[in-house]
Amino acid sequence: MWFSSFKEMLRYVIGGIMVGIGGILGMGCTLGQGIAGTSTLSLGSFLHLFALMLGVYIGIRMQKRFMTDHEVPRAD
């Protein structure tokens, strides 16, 4: 399956680049830094977890605007 437009492909490429840079800057994966790191009560882990939840919130809100061209089938 391919992208429906060049604009959609560009969004996926930019998202992939952002995830790669975020993984490097966060010094690890999301689960290791945000979820497992909070058990050590590290301030950096709590900040990472907050930024993760904020990013998910923003991403879901933006998805409504960007994904209007896709029809999601309903399960009956």
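Residues numbered from 1 in each chain as written. Predicted model: local features only at pLDDT ≥ 70, side-chain atom pairs only at ≥ 80, totals over all residues. Heavy atoms only, no water.

This paragraph deals with the overall build of the chain. Summing up its helical and strand segments, the chain has 3 helices and 0 strands in all. Counting helices and strands in the order they occur from the N terminus, the chain gives α-α-α. On the chain, roughly 6,700 Å² of surface is accessible, and the fraction owed to carbon and sulfur atoms is 72%. (Helix = DSSP H or I, 4+ residues; strand = E, 2+ residues; numbered from the N terminus. Areas by Shrake-Rupley, 256 points an atom, 1.4 Å probe, with all protein chains shown as cover.)

This part takes up the confidence of the model for the chain. With 72% of its residues at a pLDDT of at least 70, the chain reaches an overall mean of 77. When mean pLDDT is compared element by element in the chain, helix 1 (residues 6–25) scores highest at 84, while helix 2 (residues 30–35) scores lowest at 66. (pLDDT = per-residue confidence, 0-100.)

This brings us to a nonpolar patch on the surface. On the surface, a nonpolar cluster with roughly 500 Å² of combined accessible area is contributed by Phe50, Leu54, Tyr57, Ile58 and Met62. Overall, Ile58 belongs to the partly exposed group, its relative accessible area being 40%. (Patch = residues over 30% accessible without salt bridge, like charges linked within 9 Å, V, L, I, M, F, W, Y side chains within 5 Å. Salt bridge = Lys/Arg side-chain N within 4 Å of Asp/Glu carboxyl O. Buried < 20%, exposed > 50% of the residue type's maximum accessible area, 1.4 Å probe, protein only.)

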